[in-house]
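# Working through the structure, step by step
Here is what each chain is made of, one letter per residue.
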Amino acid sequence: MISPDFLPLRSGARLFSYGFAKRLQENYDLHLVAGYIKKTTKKEIDHMGNEFKDISLFCIDDKLLFDFIKRIYIALSFSIVSGYYYRRSALRKIREIIKEKDIKSIVFDNSASLWYYKKIRKEFPDIKRIYNSHNAESRNMSELIASSGGIKRMFHKLEYRHSMKYEKMVLEDDNVILAIARQDALYYENIFSIKRDIILNTPKIDFSQVKDEGDIMDFKHRLLFVGSMFWYPNVSGIKWFINNVFRELIRENPGYKLYIVGQKAERGVLEAVCRGLSDNIVITGSVPSVDEYYKTCDIAVVPIYEGAGAKIKVLEALAKGIPSVISTYCAKDYDLSDEAILAEKAEDYIEYIKKLSKDPSLRIQLHKKGKKYYNDSMVLSEDIKKAIEGIR
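Residues numbered from 1 in each chain as written. Predicted model: local features only at pLDDT ≥ 70, side-chain atom pairs only at ≥ 80, totals over all residues. Heavy atoms only, no water.

Attention now moves to the overall build of the protein chain. The number of helices and strands found in the protein chain is 17 helices and 13 strands. Over its C-alpha atoms, taken along the principal directions, the protein chain stretches across nearly 65 × 45 × 45 Å. By the burial criterion, 55% of the 392 residues in the protein chain qualify as buried. Restricting the contact set of the protein chain to residue pairs at least 6 apart, pairs at least 24 apart contribute 70%. For the protein chain, the centre of its 64 positive side-chain charges and the centre of its 54 negative side-chain charges are spaced 5 Å apart. (Helix = DSSP H or I, 4+ residues; strand = E, 2+ residues; numbered from the N terminus. Buried < 20%, exposed > 50% of the residue type's maximum accessible area, 1.4 Å probe, protein only. Contact = heavy atoms within 4.5 Å. Lys, Arg positive; Asp, Glu negative; His and termini not counted. Charge placed at Lys NZ, Arg CZ, Asp CG, Glu CD.)

Here we come to the sheet that holds strand β11 (residues 299-302). Spatially, 6 strands are ordered β10-β9-β8-β11-β12-β13 in an open sheet, and the strand pairing comes out parallel. Every other strand in the sheet has two partners, leaving β10 (281-285) and β13 (341-343) as the edge strands with one partner each. For this sheet the average axis-to-axis angle between neighbouring strands, irrespective of direction, equals 25°. Here β11 pairs with strand β12 (residues 324-327) via 3 bridges, running parallel. Note that in β12 the partner of V301 across the bridge is V325. Strands in contact with helix α11 (residues 232-252) are β8 (222-226), β9 (257-261), β10 and β11; relative to β9, the strand with the most contacts, it is inclined by about 170°. (Pairing = 2+ DSSP bridges. Axes fitted to C-alpha atoms, helices over the stretch in contact; angles between N-to-C directions.)

Quick look at the environment of A75 now. Inspection of the secondary structure assignment puts A75 in helix α3 (residues 65-77). For the pair A75 and V290, spaced 215 residues apart in the sequence, the C-alpha separation amounts to 35 Å. In this structure, A75 is in contact with I80, G83 and H162, ignoring residues within four places of it in sequence.

Attention shifts here to the packing of helix α7 (residues 137-147) against helix α8 (residues 150-171). Here α7 crosses α8 at 160°, and the two axes come no closer than 8 Å. The angle between α7 and α8 falls in the class roughly antiparallel. The crossing of α7 and α8 is left-handed. Across the interface between the two elements, E137, S138, M141, S142, L144, I145 and A146 from α7 touch R153, H156, K157, E159, Y160, S163, M164, Y166 and E167 from α8. (Parallel < 35°, antiparallel > 145°, perpendicular 65-115°, else oblique. Left-handed = near helix turned anticlockwise from the far one by under 90°.)

Let us now look at the pairing of strand β2 (residues 32-36). Of all 5 residues in β2, 4 are buried, a share of seventy percent or more. Relative to β2, strand β1 (residues 2-7) runs parallel, the two being bridged by 3 bridges. In the sheet register, I2 faces β2, and the bridge partner there is V33. Following the chain from β1 across helix α1 (residues 12-27) to the adjacent parallel β2, one finds a crossover that is right-handed. Sheet topology note: the β2/strand β3 (residues 55-59) ladder contains 5 bridges and is parallel. Looking at β3, one finds that L32 is bridged to I55. Assessed by its sense of winding, the connection that carries the chain from β2 through helix α2 (residues 42-51) to β3 is right-handed. (Right-handed = clockwise from strand over helix to strand, strands pointing away.)

Pasting the structure below:
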């Protein structure tokens, strides 16, 4: 498995890669080539050596001149993302493992791996290829174009053209395609006229439960949203929630408090929407651990209505044991029924949050069912196993 953006494990994308690699190792003889940034601690690197039987790590933010020139070329001709994650040492190691271990198939993990995909396909055409898509990148880029301006808009337009080309290359290749979200699979099928099956690979991430039944019985009117505020679906989602749901809640009960936990947005992004609510909204920025917020808050809200990929914050909330109210848009890729409360309109959120505040038995029920769902979903699906076995 080639995963250029792997460490440190401080983002949903990296946690997804890590969880998938662990499940592959449970079922197959895995050789992992993974990238890390310099701020990764020695403890984390040593931990990976204990977690994986065969792992080769390479640094993605060193300053080698040859790599820098090559990365500029890849960024301009193929993909900015792939260019950023290219390292000659990694490609050399991949070639070495292929020859020494007689590799028959390779998992290319997310768009950061696609320059390696292109090179390996050319040099080793008989090796079977599996592409693990984290997002429909061209869809993300088209939405970013619509929501940005200036230099950022130019950047997104360039990467949109690149992503259309490389996604077309991968989707038309003779390989196995895994999509993190059902909506991404449908997008690929419609935009690129793909006739074969795309296999769903929902996140399998090791989260620990932090909330017990005693925490759930004690209701303090604390709502929680977890997500980085540099990601546009999170920003637009929480803005919508504050304007249409939260203001209505505190109009009836000023005791409600909303915690927004995650990397802060650029200055000015949330200030206007939070005006006049300084006593009711806490924006934490990056925190060492989100666990204390999952433990002390009463309800997690996920009011997201756009963006490609599965929303990992849904899985995390279920695993942590917190009762959750999430959008139907986010629930689709997890096939949820009664493990969380699904909401579509502002009125739904208001009604269900009020109901949960008064009904401890419902909160306990969601706690138990969410935990069961999470535990049951942490295995590699039979569809993925069949696809891998079919190309070995």
